[in-house]
Amino acid sequence: MRIGMIKSNLEVLRAGINTTYQDLGRSNLYQIGIPFSGAMDNRNYLLANNLVSNKKNTPVIEFAYQGPLLKLNGEKICLAITGNVNFNILKKNLKVEKGNCYQTYYLEDGDQIDILSTNKSVYGYLAVSGGFDVELFWNSSSTNTKAKIGANNGEKIKKGNLIQILKSQKIHQLKKLNYFNTKIEQIRIIKGTNYDYFSEDGKKIFLEKKFTVSKLTDRMGMRLEGPKIENVVDTNIRSEGLIKGVIQVPADGNPIIMLSDHGTIGGYPKIGVVISADYDKLVQFQPGSKIKFKEVSLFEAENLYKIYSMETQNILNQIS
Amino acid sequence: MIKNISNLGDAALYCDFGKEVNKEINSKVINYFKNIKKQNITGVTNIAPSYNKLIITFDLKLTNFEKIREVIKNIDLKTYDNNKNKLVKIPICCDDEFALDINRLETNLKSSKDQILKNFLNREYFCYMTGFIAGMPFLGDVNEKIRLKRLETPRVKVPKGSVGITEKFCNIYTFESPGGWNIIGNSPLKVFNKLNDKNPALVNPGDTVIFYKISKKEYENWNDQK
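Residues numbered from 1 in each chain as written. Chains lettered and ligands numbered in written order. Predicted model: local features only at pLDDT ≥ 70, side-chain atom pairs only at ≥ 80, totals over all residues. Heavy atoms only, no water.

Draft legend 1. Local environment of the domain arrangement of chain A. All names here are of chain A. For chain A, the assigned domains are domain 1 (6–166) and domain 2 (187–317). The C-alpha centroid of domain 2 is placed 28 Å from the C-alpha centroid of domain 1. Listed per partner, the contact involves 26 residues of domain 1 and 25 residues of domain 2. Of the roughly 2200 Å² buried where domain 1 meets domain 2, counting both sides, 52% is carbon and sulfur surface. Among the residues of domain 1 in contact with domain 2, Tyr30, Met40 and Arg43 are the three that bury the most area, contributing 34% of the side total. In this assembly, domain 1 and domain 2 are joined by two salt bridges. Counting every contact that joins domain 1 to domain 2 gives 14 residue pairs in polar contact (both at pLDDT 80 or more). Its residues assigned to classes, the side of domain 1 that touches domain 2 comprises 10 nonpolar, 11 polar and five charged. (Domains from an automatic or database assignment. Contact = heavy atoms within 4.5 Å. Buried area = accessible area lost by both parts, 1.4 Å probe. Salt bridge = Lys/Arg side-chain N within 4 Å of Asp/Glu carboxyl O. Polar contact = N/O pair within 3.5 Å; in protein donor to acceptor, adjacent residues only side chain to side chain. Nonpolar A, V, L, I, M, F, W, Y, C, P; charged D, E, K, R; others polar.)

The structure is reproduced here in structure tokens:
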């Protein structure tokens, strides 16, 4: 801990459902079984840090569904929340102010922030100017609860934790951004390396039917339910590497999409891979919502990613 | 050599070394892995070797499939000597409380525990790959007499340290995790150590592993306790 630079902390009065520290993630560790991790929704992560004038690899708090209730002890801080999130600022004088995403707020000693829920989405982000004082593992603070690595000793943030805040060197003006998370109708994919393992009907079902996001969905993977995708070659392949976005179909015919904390090796056939441009939107699909896939070419996917990145940059540029 | 290169999504290269799984093909995969790693190719974010495939991920902001494919196709392959590969001796206790599937192995293989262990222990296993969960080594090849399919219904929780067999491979569960391998014992050794910054995985692709038996007492008194 950098004593002297820390003048305030956030006391966790309620942890929320799946509250972790995340940043841009860690690379070059697949060969020992460590996935990228990092913030699930990269755009909202970048916006959160940018709003409070942090560098883009500063750790933030990611929460899912219900977020934490936090109380500030110490010097005033500046914070921002991104995503589609309902939250309140509870002032020390008992005044309750309804919070807006993509807007910065000051919190003073004794004030609380109550992150009630994400609205029609899964993940939201809390960034504090200066960042949190957390340890790095292989150049990233991202918490991977499965390998027990990253900030907070690889554990979720718990009730009673004191989150230390590094003092920001900058003077902050309050900022506000006009941005709304839009939904997309379809998740675009590229055919996977085992696409031909599936029957003609199976392929048709995959590209034409809707699938429901199951409750068995977390940072590791998203399980889908719906019409079964029939395999006519082999329901297993020799175990091989996986990447985020890969859609595997095990013997039961229900697809599973690999997400940021995925196991790095798997033995189910790969029917498709979600394109990079649609990953941030994909992770925000709540259990119970419907997903429809659409096939695109590699060329289209590369262009769509260029457009998506440019769009993100334009939004970031609006934050002055 | 690589038989085919294709794209896996828009941000990864999928190098296929064929269908077979053997030490020779896997050594080629690992040699490619080492060469690519050495070259520090712009935009490459991960290189994942497995039995007979190599997946290379890249940052789509910095490069693309076509560019990486050209680099890989024209890579000047050097052979790295295998001196860096090491022999790792791993203690396991095979008392019944740890050998969760010994009865299933005995029944299905029509063999005795002693015979099964004799066929399993004190033999050299080659590490084909590491992963699934952090540091988990995929080792082979196990003696033909003790090859068995995975459990029909996988366990929700396989205890940390468990040593499992499936078909011609064996592995070590470095963390408590779901899994369907036939558990034959448990090792007190720390096979994955996150505090070892440079080399957290004890067993890496290309290494050789030997399992040797220890008593319950030795297990309990192991210094490297979990």
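On we go from here.
Draft legend 2. A look at helix α3 (residues 102–109) of chain B. Residues and elements named next belong to chain B. Residues Ile102, Leu105 and Leu109 constitute the buried set of α3. End-on view of α3: buried residues confined to an arc of 60°, all on one side of the axis. Pointing more than 90 degrees away from the buried face of α3 are the exposed residues Asn103 and Thr107. A positive backbone phi angle near 50° is found at Lys110, which sits one or two residues after α3. (Buried < 20%, exposed > 50% of the residue type's maximum accessible area, 1.4 Å probe, protein only. Helix = DSSP H or I, 4+ residues; strand = E, 2+ residues; numbered from the N terminus. Arc of directions from axis to C-beta.)

Draft legend 3. Quick look at the packing of helix α1 (residues 42–51) of chain A against helix α4 (residues 298–318) of chain A. All names here are of chain A. At their nearest, the axes of α1 and α4 sit 10 Å apart, and the two run at 20° to each other. In terms of their interaxial angle, α1 and α4 are classed as roughly parallel. Here the hand of the crossing between α1 and α4 comes out right-handed. Mapping the contact onto sequence places Arg43, Leu46, Leu47 and Asn50 in α1 and Tyr308, Glu311, Thr312, Ile315 and Leu316 in α4. Taken together, the residues of the contact of α1 with α4 sort by class into five nonpolar, two polar and two charged. (Axes fitted to C-alpha atoms, helices over the stretch in contact; angles between N-to-C directions. Parallel < 35°, antiparallel > 145°, perpendicular 65-115°, else oblique. Left-handed = near helix turned anticlockwise from the far one by under 90°.)

Draft legend 4. Inspection of the packing of aromatic side chains at higher detail. Summed over all chains, the structure comprises 20 aromatic pairs over all chains. Ring centres of Tyr102 of chain A and Tyr179 of chain A lie 5.1 Å apart, and the angle between their planes is 85°; this geometry places the pair in the edge-to-face category. With Tyr102 of chain A in the loop between β7 (96–98) and β8 (104–107) and Tyr179 of chain A in the loop between β11 (162–166) and β12 (187–191), this pair connects stretches of sequence that are 77 residues apart. Both residues of the pair, Tyr102 of chain A and Tyr179 of chain A, count as buried. Here the aromatic rings of Phe98 of chain B and Tyr219 of chain B are separated by 4.5 Å at their centres, their planes lie at 40°, and the arrangement is tilted. Placement of the pair is Phe98 of chain B in the loop between β5 (87–92) and α3 and Tyr219 of chain B in helix α5 (residues 216–220), with a sequence separation of 121 residues. Of the two residues, Phe98 of chain B and Tyr219 of chain B, neither departs from the other in class, the shared state being buried. Following the ring pairs from residue to residue traces out a cluster consisting of Tyr51, Phe126, Tyr128, Phe138, Phe169 and Trp181 of chain B. One residue, Lys244 of chain A, lies across the ring of Tyr279 of chain A, its end atom 4.2 Å from the ring centre. Sitting over the face of the ring of Phe175 of chain B, Lys160 of chain B holds its NZ or CZ atom 5.9 Å from the ring centroid. (Phe/Tyr/Trp six-rings, centres within 6.5 Å; stacked < 30°, edge-to-face > 60°. Lys NZ or Arg CZ within 6 Å of the ring centre and 35° of its normal.)

Draft legend 5. Local environment of the confidence of the model for chain B. Scored by pLDDT, chain B has a mean of 93; 97% of the residues are at 70 or more. Taken together, the chains of this predicted complex give a pTM of 0.94 and an interface ipTM of 0.94. (pLDDT = per-residue confidence, 0-100.)

Draft legend 6. Examining the environment of Lys23 of chain B more closely. All names here are of chain B. For Lys23, the position within the fold is in helix α1 (residues 23–39). As a C-alpha pair, Lys23 and Lys89 span 66 residues in sequence and 19 Å in three-dimensional space. With sequence-adjacent residues up to four places away left out, Lys23 is seen in contact with Phe126 and Tyr128.

Draft legend 7. Main features of the sheet that holds β11 of chain A. Residue and element names in this part refer to chain A. Taken together, the six strands give an open sheet; going across it, the order is β7-β6-β9-β4-β1-β11, and neighbouring strands pair in antiparallel fashion. At either margin of the open sheet sits one strand with a lone partner, and together these are β7 and β11. Along the sheet, successive strands turn relative to each other by an average axial angle of 25°, direction set aside. Bridging between strand β6 (residues 85–90) and β7 involves three bridges; their strand directions are antiparallel. Its bridge partner lying in β7, Leu90 is registered against Val96. (Pairing = 2+ DSSP bridges.)

Draft legend 8. The arrangement of the environment of Thr42 of chain B in detail. Residues and elements named next belong to chain B. In this fold, Thr42 is placed in the loop between α1 and β3 (44–49). Judged by its relative accessible area of 58%, Thr42 is exposed. The sequence separation of Thr42 and Phe58 amounts to 16 residues, and the corresponding C-alpha distance is 8.5 Å. With sequence-adjacent residues up to four places away left out, Thr42 is seen in contact with Thr63 and Ile68.

Draft legend 9. A look at the pattern of salt bridges. Residues and elements named next belong to chain A. Scanning the entire structure with this criterion turns up 22 salt bridges over all chains. Across the pair Glu200 and Lys203 runs a salt bridge, and its minimum N-O distance is 3.2 Å. One end of the pair is Glu200 and the other is Lys203, both in helix α2 (residues 200–208) and three residues apart, which spans about a single turn. Since its relative accessible area comes to 11%, Lys203 is described here as buried. Here Glu240 ties to Lys270 by a salt bridge, and the two come within 2.7 Å at their closest N and O atoms.

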